[in-house]
Amino acid sequence: MKVTIALVSAFAAFLVMPANARAQTYPSRPITLVVGFAPGGGTDTVARVMQKRLAEYLGQSVVVENRAGAGGTIAADVVARANSDGHTILLATIAALAVAPHLNSKLPYNPLRDFAPISMATVSGNVLVVHPSVQAKTLAEYVKEANSRPGGIPYGTSGVGSAGNLAGELFRLTAKANLVHVPYKGGGPAMSDLLGGQIPSVFASATTATPQVKAGKLRALGATGSKRSAALPDVPTIAEQGYPGYEATNWYAYVAPAKTPRNIVARLNTEIVRTLRDPETHEAILKLGEEPTPSTPEELARHIEREHATWGRVIKEAGIPVEQ
């Protein structure tokens, strides 16, 4: 009886122990890193490039779990509902955290309320590339040609709501250009049609566009990021070419369930930032066409809020249909 009472007392003491005190033992078991896309995609690749070193720094294995579907929102919902003990985290995308809320009226989570930001992971821009048959040699000439062509100039992307779609619509609105969006089921099919001359232009990822531009098969007119792409340093940004303030980037960020204790978020941030700055991991990420971009949780929170507001406005002004 005395032993039983002692055990009950100890368990009761654990239950009332402050969450921050319990967090000092973190992590106590393997960490599940949820990714919202199938193996081999950009998000999955970044997660796996970071997996080994992150596990070493945390002192526990990191297991990548692919929960593909609905543009990453299935995975986001899984993590939003997970136990907030830091053992389940998400490598989220701009689509899940800043775009989906404006395209899906029945989204089961709120990205501004249901997650604890940990750190930005990587940022990458898209590139506007055109087929050689397009007369325009500069961005200004591209806009002029779009506005003089009957029906405008079509531009392809990997799909509705994709980073390329958002970049294209933001440019259409900013430049007042007569552009027509043509969504594909992925960046590969869009690039194939561009190379074949079936479509004149595409907002493509730097990773996809670079080999074709360097081979002289396509012409790059502008990078969508705030600075030039490391993969295509000779291609000026759209902002440089008369559209100051224009910026449309794709990004991946680590988040945890909303009520995750601050001590655990801080530990995760420390080790994720450390991993991103590890020379070997840093170089491997750069080779993917991504730029390692560590941040504080507060910086990430502000970034998500800004992107949420920006793309909400763009989606509304562009008339991109909302799924009911």
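Every chain begins its residue count from 1, and numbering advances along the sequence as written. The model is predicted, so local features are restricted to residues of pLDDT at least 70 and side-chain atom pairs to those at 80 or more, both for listing and for counting; the totals for chains, interfaces and linings are taken over all residues. In computing side-chain values, all of the structure's heavy atoms are included and hydrogens and water are not.

(A) Representation of the packing of helix α7 (residues 163-175) against helix α12 (residues 297-318). Here an angle of 0 to 180 degrees is reported between the N-to-C directions of two axes, which are lines fitted to C-alpha atoms, with helices fitted over the stretch in contact. Only runs of H or I of at least four residues qualify as helices and only runs of E of at least two qualify as strands under DSSP, and these elements are numbered from the N terminus. Put simply, α7 and α12 touch, their axes get as near as 10 Å, and they point 70 degrees apart. With respect to each other, α7 and α12 are oriented roughly perpendicular. Regarding α7 and α12, the two cross each other, and that crossing is left-handed. Between α7 and α12, the residues in contact are L166, E169, L170, R172 and L173 and W311, R313, V314, I315, E317 and A318, respectively. Counted by class, the contact of α7 with α12 contains seven nonpolar, no polar and four charged residues. Orientation categories follow fixed angle ranges, with anything under 35 degrees roughly parallel, anything over 145 roughly antiparallel, 65 to 115 roughly perpendicular, and all other angles oblique. Note: crossing handedness is left-handed where the near helix turns anticlockwise from the far helix by less than a right angle, and right-handed where it turns clockwise. Only heavy atoms enter the contact rule, under which two residues are in contact if any of them lie within 4.5 Å. In this classification, the charged set is Asp, Glu, Lys and Arg, the nonpolar set is Ala, Val, Leu, Ile, Met, Phe, Trp, Tyr, Cys and Pro, and all remaining amino acids, among them Gly, are polar.

(B) Geometry of helix α5 (residues 94-103). Working definition: with a 1.4 Å probe on protein chains only, accessible area under 20% of the residue-type maximum means buried, over 50% means exposed, and in between means partly exposed. Summarising burial for α5: eight of the ten residues are buried, a large majority. For α5, the full list of buried residues reads I94, A96, L97, A98, V99, A100, H102 and L103.

(C) Molecular detail of the packing of α5 against α12. At their nearest, the axes of α5 and α12 sit 9 Å apart, and the two run at 40 degrees to each other. The orientation of α5 relative to α12 falls into the category oblique. At the point where α5 passes α12, the crossing takes the right-handed sense. Taken together, the residues of α12 that come into contact with α5 (itself represented by I94, L97, A98, V99, P101, H102 and L103) are I304, E307, H308, W311, G312 and I315. Among the residues making up the contact of α5 with α12, the classes are represented as nine nonpolar, three polar and one charged.

(D) Quick peek at the confidence of the model for the chain. Per-residue confidence from the predictor is given as pLDDT, running between 0 and 100. Residues of the chain with pLDDT of at least 70 account for 92%, and the chain-wide mean is 89. Looking across the chain, the model is least confident in helix α1 (residues 2-16), with a mean pLDDT of 47, and most confident in helix α10 (residues 262-277), with 98. For the stretch residues 1-17, pLDDT sits under 50, and the model shows three contacts to residues farther than four places along the chain or on other chains. Predicted confidence is poor over residues 19-23, with pLDDT under 50, and the contacts of this stretch with residues over four places away or in other chains come to ten contacts.

(E) Molecular detail of the environment of V273. Along the chain, V273 turns up in helix α10. In sequence terms V273 and A121 are 152 residues apart; their C-alpha atoms lie 8.2 Å from each other. When neighbours within four sequence positions are excluded, V273 is seen to be in contact with S119, P294 and S295.

(F) The pattern of salt bridges, seen in detail. By salt bridge we mean one thing: a side-chain nitrogen of Lys or Arg within 4 Å of a carboxyl oxygen of Asp or Glu. Here the structure, examined in full by the defined rule, presents 15 salt bridges. Put simply, E271 and R274 hold a salt bridge, and the shortest N to O gap is 3.4 Å. Of this pair, E271 and R274 both sit in helix α10, separated by three residues, roughly a single helical turn. Overlapping salt bridges bring together R53, E56, D278 and E280 as one network.

(G) Main features of unusual backbone geometry. In this structure, P27 follows Y26 across a cis peptide bond, with omega equal to -10 degrees. Following the sequence through the fold, P27 ends up in the loop between α2 (19-23) and β1 (31-35). We note that K176 has phi near 55 degrees; this positive angle belongs to a residue other than glycine. Inspection of the secondary structure assignment puts K176 in the loop between α7 and β6 (179-183). Take K176: its relative accessible area is 67%, and that puts it in the exposed class.

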